[in-house]
Structure formats: C-alpha cells, structure tokens
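Structural overview for review
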Amino acid sequence: MPSFEPGYLAIVIVALMGGVLGVVGYLTLAERKVSAWIQDRLGPNRVGPGGLLQPLADGGKFFLKEEVIPKHVDRVFYLLAPAVAVITALLAIAVVPFGSTVAPPAPQATIDAFESSQAAYRSHFSFVLAPGVDIGILYVFALGSLAVYGVILAGWSANSKYSLIGALRSSAQIISYEIPLGMSVLGVFLIVGSLNLETIAGWQGSHRYWLVLVQPLAFLLFLVSAYAEGSRLPFDLPEAEQELVGGYHTEYSSMKLGFMLMAEYVHLVTAGLIVSILFFGGWSLFGLESIFDRVPVLAAIFKLIILVAKMLIYCAFALVVRWTIPRFRFDQLMSIAWKAMIPLALANLVCVMIVKQYGWPLIWLAFASVGLLAAAGLWHGSVTMPRRKVARPPVATGGLATSRLTGV
Amino acid sequence: MPIAESEVRWVEAPKLGFWDQLYLPAMVDGLKTTVGHLFSKKITEQYPEQEPKLPGNYRGVHRLNRDEAGRVRCVACYMCATACPAHCIDIVAAPSPPDWTGREKYPETFVLDELRCIYCGMCEEACPVDAIELTTLYDLTGLSREEMVFDKEKLLSVFDFTTKAGTDPVRTHGGRLGPASEPPPG
C-alpha cells in the first residue's frame, strides 16, 4: 500500500465526497421528476428554475423538522443505525478510480524493485480516494454486507412490528442477493486477473472493448443483484409502503430519516460506479478518452466526466425500471435469487474457467451467456411460481349447477 | 347454503412459455411503455398561471340574472329557497314597484350563504324565471364568514362580472317572465 501526500488526499476526499453527495441530492430530484414524467405529470418545478433548488429545500426541511425519538426504542442502537447506514454507504466509494489512474504495480521479486515501482506509481496523478487497494472490489462487497447492519439495527432498536418485519425481510434479501452479486463478477476477475478496480478499468482501456461484450449474463445478474442490494423498486420489500408503513425506518424522523434515505441513494451511486468500471470500461471510451492526455488536469476531468456519465445512465435506468416492473412477492424474490441467479452465475463462472483453461477467444463467452440464458428459459421448473399442486376434485358432468358456474 | 364441491371451478395460472420464462421480452415491453410516457405530453395544469377551462354547466358561485332593463329577474316566488336542501337562501319579498310591468313581486332582500351552500344546483333547476344561476366562478375566498354571505347587490354584481368577463354569457333571453310572475287568477 503506497503512502500519499495527506494534504493532497484531503482535497481529493472533500471534492469527491462533495461531488457524490451533490449527485445524491440531485438523484432525489431526478427520482421525483422521472416519476412525474412517466405518470404524465410535471414534477416539482416551483423551487428555483425548473425545480432545480428542490434538493436544498428538502435538505433544509429534514434539518428543521422536529426530531421525534419514541420512548420505546433502544436508544443506543436507534441512534447508531443511521450513522452506520450512511458511513458504510459512503466508505464504499473510497476505492473507485474516478479517472486518470494507472494500474498499480504488480508484486515485485525484490524489495528494491518493489520500492521503485511503488515510487513510480506514486508519481502519477491518482484520482481515487484510496489508491492501490489490491482487494478493491472485495472491500466494496464487505462494506455492502456491513450496510445491512444499519438496516437491522434500525429495525430491531425501533421496537415496532413494521420496522422489525422490514429489517427481517431486508436481511434475508441482502444476504441472499450478495451471493449472485459476488459470484456474477468472479468471471470478470478471472478474465482480468485482478480484484483492483484501477486494474480492471485499465484492462478494458487497453483492450479497447468493454467486458459487457464478453460477460453479458454476468452484467445482467449483477444489475439485478445490485438493485436488490440497494432495495430499489422491483425489490423494495424492506420498505413496502402498502404493507409496512415505512419498513425499517418507520420510527425515524428528521435528519435521521434523511440519512436512511440518503444511504439508499449513495448505494445507487456506488452500484452505478462499480457497474461502469466492471462492465463498461470505467473511464475508457473507445480510445477517445486519451485525446487530452497532454494536459494531465484536463485528461483527469475528461475521464471523470466519462465515468460519471456512465454512472448517471445507470441511475437513470434504475429510475425508469422503478416504474416499469412491479414489486416481487417475497417467495418470488427468494426463488429468483436461489433457483435462477445463483445457478446461472455458477454456470457462467464455469464457462469462464473453461475458456481461460483452453485459451479460447473470449468472444465465446458471449455465446455461452446467451446459451445459458436460453437454457434457463427452457428449464421446465417454473421459478416464480410456488410448487403447489392444486388437488382437483373429480369433474362432475351434466349437473345443472356445474353448467351454470362454468358457463358451458 | 354451502358451496357444493361440484360447483367449484378451479382456475390455474396459464403456463409460461419460453419467452415469458426469459423475463427479458416482457421487461423490454414494459420499458417501451414507460419511456414512451417519459416523453409524452404532460397533462398537469399549472394552476395559478394557467386557469382551468371549465364546462359551462360547472356549478360555482351563484348569480342573480338581470332582465333586459337591467332589473333583477327574480320574482320572489321562494321556489329556490324551498328547493334548497341546505337552506342557504333567504328571501324577503315585496310588491314590485308600479312601473315594473308583468310581475307582482320582487325580492326586497335576497341573501345567499355561500358557506352553507352545497352547490347542488337545485335552485337553478327550481327557478321558473331563470333568475338564479350557478356560474363557473370557482375560486371563491373570503376572510370572514360574514363576507361569504352574499346579498342581492353582490349576486347581481356576480352577474355583471361574469357576463362582462365572458366566462358565463347570458343564457336566457325570455321577454316574459313566465306564469310564476303573474298575479294569481281570480
């Protein structure tokens, strides 16, 4: 792990965190606007030009609202939960390379060689909060698992049935979907040969194609799992309003509720960045990203714009999907994860292993993905319907009552 | 009577085909719908800036119509006050001035409580001389209860206002007021 200038890092941290929180604020506005447009409405348009200052008004409202802490809660965990939710969500962004990074050096044979390679790496302008984290994506997944603590603590400490049911659903859902989430990207790591996000983005940049071309099925599985991990709408059972009032944040008010909601949008942003880097080449854009390479600052900004644009496309897609697909039933949710996505992810991983072992061209993996998906479609056992046999009574024939009811 | 076993009709969900099992075609279909709506024309009315277009039979604030000579058409027959389910109309009748031909009475006062009114339109239905009408004025506000009790002058001014603004043109042009205005036979 190379050491870096603290002052420089502080500037990058403030800039990136401010940027991420700004994106989160405007995602709430985008959510409301897109919801409105899809329902043929206009959406919030009174605060500022076209409603652009709405996030500020919302934030101010959250701070000024009365903060109600019910008497029946477990105060320690009740106060801890929003902090855990926000901190784990924000920490995951630390390893995301925002642009202009070079891949960190591989392990060296001698200490001298190691030191010199680290020095060379340090001399580059690295636009990432924690450069050179070799476990990269594992760190993101680990924090994603920690994020469920925020939900469980909130649900448990609130001492309310709605919160508890929401938290139980959430824990079951997040633990189930973590498996396909991690397993679907194993193929990517096998292809690239590294867990480091900087290396993965660099690999796609130097190969001039994106990994979604050779791993479309993995991308699909990762997309669905990421929605489930972030409790986005087809999978928002932890806070299903019609059933659970507000789910795990029922008992929260004021800025604590704001933190809970903010954490969800931070998860969306993180998932967008991770998807862009793993499957859509990060800051690479078919070689176009290097046109400003003479001026390092311009190049960094340009690459940042490319990455953020990809992330925003992902977020926009999530907003549209929210109004397209209705919420799954809980048994369907579990069936999809355990009966469809995990086997598919495993099969996809086996395909990658075979192709790597025999050194075949990677494009075969695209055909393998399509074949696997088709095979899953042909699989006779229905995934979303419970295996319940309806006990059919013997059909009575000719009876007056029967003919009336069946309309024959 | 309990339902006999033979009367129960068992219905099962239709079997999913290959494309249904893949989920993706259905989702693309759904996305087409939502994205189509994303760019379609919006139906929201921007209220304070954009006034709604109300149909002529909208039941808003009442008005008392004037006849051709600018006098109140009302003949104080009490039909509206009788028909009113909310009892919000209060009329004091008086013999009409001698130069008002063709009628016997006129309302000395005509008070209508806009807060009691339920805007059912029964008064308009009941009126034999088309004197009371409901207009398309919908944004009625006031700072006190007294302000919302409309007297004859106010109701006539609503007529002047709505005919001038063109939102509710004069709907009746009858010269004679009708049988309700005439003195009782004998």
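No experiment lies behind these values; they were computed from the predicted model shown.

This part takes up the overall build of chain B. A tally of helices and strands in chain B yields 5 helices and 5 strands. Along its sequence from the N terminus, chain B presents helices and strands in the succession α-α-β-α-β-β-α-β-β-α. Based on the C-alpha atoms only, the size of chain B along its principal axes is roughly 90 × 55 × 35 Å. Going through the 186 residues of chain B one by one, you find that 22% of them count as buried. The long-range share in chain B, meaning contacts at least 24 apart out of those at least 6 apart in sequence, stands at 74%.

Turning to the overall build of chain A, a few remarks are in order. Scanning chain A from terminus to terminus reveals 15 helices and 0 strands. In chain A, 80% of the contacts between residues at least 6 apart in sequence involve partners at least 24 apart.

Attention now goes to helix α13 (residues 330-358) of chain A. Given 3.6 residues per turn, any residue in an α-helix points the same way as the ones three and four places further on. Residue and element names in this part refer to chain A. With 29 residues, α13 should cover 42 Å at 1.5 Å per step; its first-to-last C-alpha distance of 41 Å lies within 8% of that length. Along α13, the sharpest kink reaches roughly 35°, centred on Met-341 and followed within four residues by the proline Pro-343. Where α13 is concerned, the buried positions are Leu-333, Ser-335, Ile-336, Ala-337, Ala-340, Met-341, Leu-344, Ala-345, Asn-348, Cys-351, Val-352 and Val-355. Along its buried surface, α13 packs onto α6 (161-184), α7 (186-192), α9 (216-229) and α14 (364-378). One or two steps after α13, the chain reaches Gly-359, where phi turns positive at roughly 65°.

Counting 100 residues, the largest nonpolar core has A:Ala85, A:Ala154, A:Leu221, A:Val269, A:Val275 and A:Leu278 as the members making the most contacts within it. Looking at this core, the element that brings in the most residues is helix α11 (residues 254-279) of chain A, giving 15 residues. Ranked by size, the runner-up nonpolar core spans 25 residues in total, among them B:Leu112, B:Ile132, B:Leu155 and B:Phe159.

Residue and element names in this part refer to chain A. Axis separation between α6 and α13 bottoms out at 8 Å; the angle between their running directions is 15°. The angle between α6 and α13 places the two elements in the roughly parallel class. Considering how the two elements wind past one another, α6 and α13 form a crossing that is left-handed. Along its contact with α6, which presents Arg-169, Gln-173, Ser-176, Tyr-177, Ile-179, Pro-180, Met-183 and Ser-184, the element α13 presents Phe-330, Leu-333, Met-334, Ala-337, Trp-338, Met-341, Ile-342, Ala-345, Leu-346, Asn-348 and Leu-349. A per-class count over the contact of α6 with α13 returns 14 nonpolar, 4 polar and 1 charged.

Further remarks concern the confidence of the model for chain A. On average, residues of chain A score 80 in pLDDT, and 86% of them are at 70 or above. This stretch, residues 398-408 of chain A, has a pLDDT under 50; its non-local contacts, to residues over four places away or in other chains, come to 11 contacts.

With that settled, the discussion passes to the packing of α11(A) against helix α12 (residues 296-322) of chain A. Residues and elements named next belong to chain A. Orientation of α11 relative to α12, taken along the N-to-C sense of each, is 120°, at an axis distance of 8 Å. Of the possible angle classes, the one that applies to α11 and α12 is oblique. Between α11 and α12 lies a crossing of right-handed hand. Only Leu-307, Lys-310, Met-311, Tyr-314, Cys-315 and Ala-318 of α12 make contact with α11, whose side of the interface consists of Leu-268, Val-269, Gly-272, Leu-273, Val-275 and Ser-276. The residue makeup of the contact of α11 with α12, split by class, is 9 nonpolar, 2 polar and 1 charged.

Let us look at the environment of A:Ala36. Residues and elements named next belong to chain A. Mapped onto the fold, Ala-36 is located in helix α1 (residues 6-38). When the 18 C-beta atoms within 10 Å are taken as the criterion, Ala-36 is described as partly exposed. Not counting chain neighbours up to four residues away, the residues in contact with Ala-36 comprise Arg-41, Leu-42 and Gly-43.

Once that is clear, we can look at unusual backbone geometry. The phi dihedral of A:Asn159 is positive, around 60°, even though this residue is not glycine. Checked against the element boundaries, A:Asn159 lands in the loop between α5 (137-157) and α6. For A:Asn159, a count of 15 C-beta atoms within 10 Å puts it in the partly exposed group. Residues other than glycine seldom take positive phi values, yet B:Ala76 does so here, at roughly 55°. Within the secondary structure, B:Ala76 is located in the loop between β1 (62-64) and α3 (79-83). For B:Ala76, a count of 24 C-beta atoms within 10 Å gives the class buried.

To continue, consider helix α8 (residues 197-207) of chain A. All names here are of chain A. α8 sits mainly inside the fold: 9 of its 11 residues count as buried. Taken residue by residue, α8 has Leu-197, Glu-198, Thr-199, Ile-200, Ala-201, Gly-202, Trp-203, Gln-204 and Gly-205 as its buried positions. Contacts from the buried residues of α8 go to α5, α7 and α11. Where α8 terminates, the next one or two residues include Arg-208, which has phi positive at roughly 60°.

Now for the pairing of strand β3 (residues 105-113) of chain B. On a regular strand, each side chain points to the face opposite its neighbour's, so the side chains alternate between the two faces of the sheet. All names here are of chain B. Across 7 bridges, strand β2 (residues 89-95) lies against β3 in antiparallel orientation. Within β3, the position partnered with Ile-89 by the bridge is Leu-112. With 2 bridges connecting them, β3 and strand β5 (residues 149-150) associate as antiparallel partners. Counted as the bridge partner of Asp-113 is Val-149 from β5.

All names here are of chain B. Read from one edge to the other, the open sheet built from 3 strands follows the order β2-β3-β5, with strand pairing classed as antiparallel. At either end of the open sheet lies a strand with only one pairing partner, and these are β2 and β5. Helix α5 (residues 152-165) rests against β3 and β5 of the sheet, and its axis sits at about 85° to β3.

The next thing to look at is the environment of B:Ala13. Residues and elements named next belong to chain B. Relative to the assigned elements, Ala-13 resides in the segment before α1 (18-22). Taking the number of C-beta atoms within 10 Å as the measure of exposure, Ala-13 has 7 and is therefore exposed. C-alpha separation for the pair Ala-13 and Lys-32, spaced 19 residues apart in sequence, amounts to 25 Å.

Cut-offs used in this document
- For every chain, the first residue of the written sequence is number 1, and numbering continues from 1 along that sequence.
- Chain A is the first chain written and ligand 1 is the first ligand written, with later ones labelled in order.
- The predicted origin of the model limits local features to residues at a pLDDT of at least 70 and limits the giving and counting of side-chain atom pairs to 80 or more, whereas totals for whole chains, interfaces and linings rest on all residues.
- Strands here mean DSSP runs of E at least two residues long; helices mean DSSP runs of H or I at least four residues long; both are numbered from the N terminus.
- To sort residues by exposure, count the other C-beta atoms lying within 10 Å of each residue's C-beta; 20 or more gives buried, 12 or fewer gives exposed, and values between give partly exposed, all with C-beta atoms placed from the backbone.
- We call two residues in contact if the C-beta atoms placed from their backbones are at most 7 Å apart.
- Each residue after the first adds 1.5 Å to the expected span of a helix.
- Bend, at a single residue, is the angle you get between axes fitted to the 7 residues ending at that residue and the 7 residues starting at it.
- Here, a nonpolar core denotes buried Ala, Val, Leu, Ile, Met, Phe, Trp, Tyr and Cys residues that are linked to one another through C-beta atoms within 7 Å.
- Axes here refer to lines fitted to C-alpha atoms; in helices the fit is confined to the stretch in contact. Angles between the N-to-C directions go from 0 to 180 degrees.
- Geometric relationships in this document are graded by angle, where less than 35 degrees denotes roughly parallel, more than 145 denotes roughly antiparallel, 65 to 115 denotes roughly perpendicular, and other angles denote oblique.
- Each crossing gets its handedness from the near helix: less than a right angle anticlockwise from the far helix is left-handed, clockwise is right-handed.
- Note on residue categories: nonpolar means Ala, Val, Leu, Ile, Met, Phe, Trp, Tyr, Cys or Pro, charged means Asp, Glu, Lys or Arg, and polar means any other residue, Gly included.
- Predictor confidence is given residue by residue as pLDDT, running from a minimum of 0 to a maximum of 100.
- Strands are labelled as partners when DSSP assigns at least two bridges between them.

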